[in-house]
Amino acid sequence: MAFNLPDLKYEYNSLEPHFDAKTMEIHHSKHHAGYTNNLNNAIKETNYENMSIEDILKSSDLPVGIRNNGGGFYNHCLFWSILSPNGGGEPEGKLIEAINRDFGSFENMKSEFNKAAATRFGSGWAWLCFDNGMLSICSTANQDNPLMDGQCGGTPIMGLDVWEHAYYLNYQNRRPDYINAFWSLVDWNAVENLMS
Ligand code: MN
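The model shown is predicted, which means the values in this text are computed figures rather than measured ones. (Residues numbered from 1 in each chain as written. Predicted model: local features only at pLDDT ≥ 70, side-chain atom pairs only at ≥ 80, totals over all residues. Heavy atoms only, no water.)

Q: Describe the environment of Cys-77, naming the residues involved and giving the relevant values.
A: With respect to the element layout, Cys-77 can be found in helix α3 (residues 64-81). Distance in space between the C-alpha atoms of Cys-77 and His-28 is 9.6 Å, their sequence separation being 49 residues. Once residues lying within four places of it in the same chain are set aside, the contact partners of Cys-77 are Pro-6 and His-32. (Helix = DSSP H or I, 4+ residues; strand = E, 2+ residues; numbered from the N terminus. Contact = heavy atoms within 4.5 Å.)

Q: Break down the state of the cysteines for me, citing the residues and quoting the values.
A: Such a bond, covalent and formed between the sulfur atoms of two cysteines, is termed a disulfide. All told, the structure shown has one disulfide when counted by the stated rule. Paired by a disulfide, Cys-138 and Cys-152 hold their sulfur atoms 2.0 Å apart. With Cys-138 in strand β2 (residues 134-141) and Cys-152 in the loop between β2 and β3 (155-161), the pair connects residues that are 14 residues apart, well separated along the chain. Cys-77 forms no disulfide, and the closest cysteine sulfur to it belongs to Cys-129, at a distance of 17 Å. (Disulfide = S-S within 2.5 Å.)

Q: Lay out the pairing of strand β1 (residues 124-131) with the relevant residues and their values.
A: In terms of burial, β1 is largely enclosed, as seven of its eight residues are buried. Relative to β2, β1 runs antiparallel, the two sharing eight bridges. Across the sheet, residue Leu-128 finds its bridge partner in β2, namely Ile-137. As judged from the six bridges shared by β1 and β3, these two strands associate in the antiparallel manner. If you follow Phe-130 over to β3, its bridge partner there is Thr-155. (Buried < 20%, exposed > 50% of the residue type's maximum accessible area, 1.4 Å probe, protein only. Pairing = 2+ DSSP bridges.)

Q: A description of α3 should follow, citing residues and the corresponding values.
A: Counting along an α-helix, one turn takes 3.6 residues, and residues three or four places apart therefore face a common direction. The terminal C-alpha atoms of α3 lie 26 Å apart, and with 18 residues this matches the ideal 26 Å at 1.5 Å per residue to within 8%. Listed as buried for α3 are Ile-66, Asn-69, Gly-70, Gly-71, Gly-72, Phe-73, Tyr-74, Asn-75, His-76, Leu-78, Phe-79 and Trp-80. Contact partners of the buried residues in α3: α1 (21-43), α2 (53-58), β1, β3 and α7 (175-182). (Expected span 1.5 Å × (residues − 1).)

Q: I'd like to hear about the domain arrangement of the protein chain, residue by residue, with values.
A: Parsing the protein chain into structural domains produces domain 1 (20-81) and domain 2 (93-193). Computed from C-alpha coordinates alone, the two centres of domain 1 and domain 2 are separated by 19 Å. Listed by partner, the interface residues are 22 residues for domain 1 and 24 residues for domain 2. When the buried surface of domain 1 facing domain 2 is broken down by residue, Arg-67, Asn-75 and Phe-79 rank first, second and third, together holding 30% of it. Where domain 1 packs against domain 2, one counts one salt bridge. Among the salt bridges present, the one from Asp-144 reaches Arg-67, with a minimum N-O distance of 2.9 Å. Across the domain 1-domain 2 interface, the total number found is nine residue pairs in polar contact (both at pLDDT 80 or more). Counting only elements with at least two residues in the side of domain 1 that touches domain 2, the list comes to α1, α2 and α3. (Domains from an automatic or database assignment. Buried area = accessible area lost by both parts, 1.4 Å probe. Salt bridge = Lys/Arg side-chain N within 4 Å of Asp/Glu carboxyl O. Polar contact = N/O pair within 3.5 Å; in protein donor to acceptor, adjacent residues only side chain to side chain.)

Q: So what's going on with the coordination of the manganese ion? Which residues, and what values?
A: Taken together, the protein donors to the manganese ion comprise His-27 (NE2), His-76 (NE2), Asp-161 (OD) and His-165 (NE2), at separations of 1.9 to 2.1 Å. Here the donor residues for the manganese ion map to a single chain with the spacing H-x48-H-x84-D-x3-H. Taken as a pair, His-27 in helix α1 and His-165 in the loop between β3 and α6 (168-171) lie far apart in primary sequence, 138 residues in all. Each member of the pair His-27 and His-165 is classed as buried. (Donors = N, O, S within 2.8 Å, 3.2 Å for Na, K, Ca; no water.)

Encoded structure:
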C-alpha cells in the first residue's frame, strides 16, 4: 500500500494574502510530495508497508527515514485539512466549550498556541491536541508529532508548520506575523470534527 499526496480542497492562491500562492505551491507539490515519495520508498518491503500512517507513527524505535518522512506526510495532510479560504473567526459548539473549560478563553488558547509556535527553536510544529476529553497545546521538533513515542502525546486536531519553508518567501524572518496570519485561515469546523 502506498500513501498518496492528497489534493487540496482549495487553490494554491485561495489562501492569499495570508499564505501566498508560490509558497503553497512549493510547500504542497515539492515538500509534501517529497515526504510522501520518500515515505513510500522507506516502507517498501518492510513491516510498515501495510500499516496505517497513525500506527506507523505510534511504533516504537521507528527508523529515522520513516520517522521524518512519515511525520512529514501526516503533519502536512492534517495542516492542509484545517485551513480554508473561509476560515478564521471563532470556534463554536463543543470545541469552544472545551477551549473555555481547558484554557479559560479562546484568547488564552491562542496566546498559548502562539507561544508554542514562536518559541519552537528551528524547524517544527505547534499543536492543539485532544486526548481523554481534554485539549492541550505543545510543540515538536522537525517532522515529529504528538502521536510519536516520547513526544507530548494526544491526538493532534490542529497543527501549524513553523519550518521556514512554510513562510520565508512572504514573511522572511517574521515568524510571528505568519503565526498571526494563520488564525485568519483556521477551519474551526474541520478542527472540531477531529475531536473524538
Ligand atoms: Mn512544511
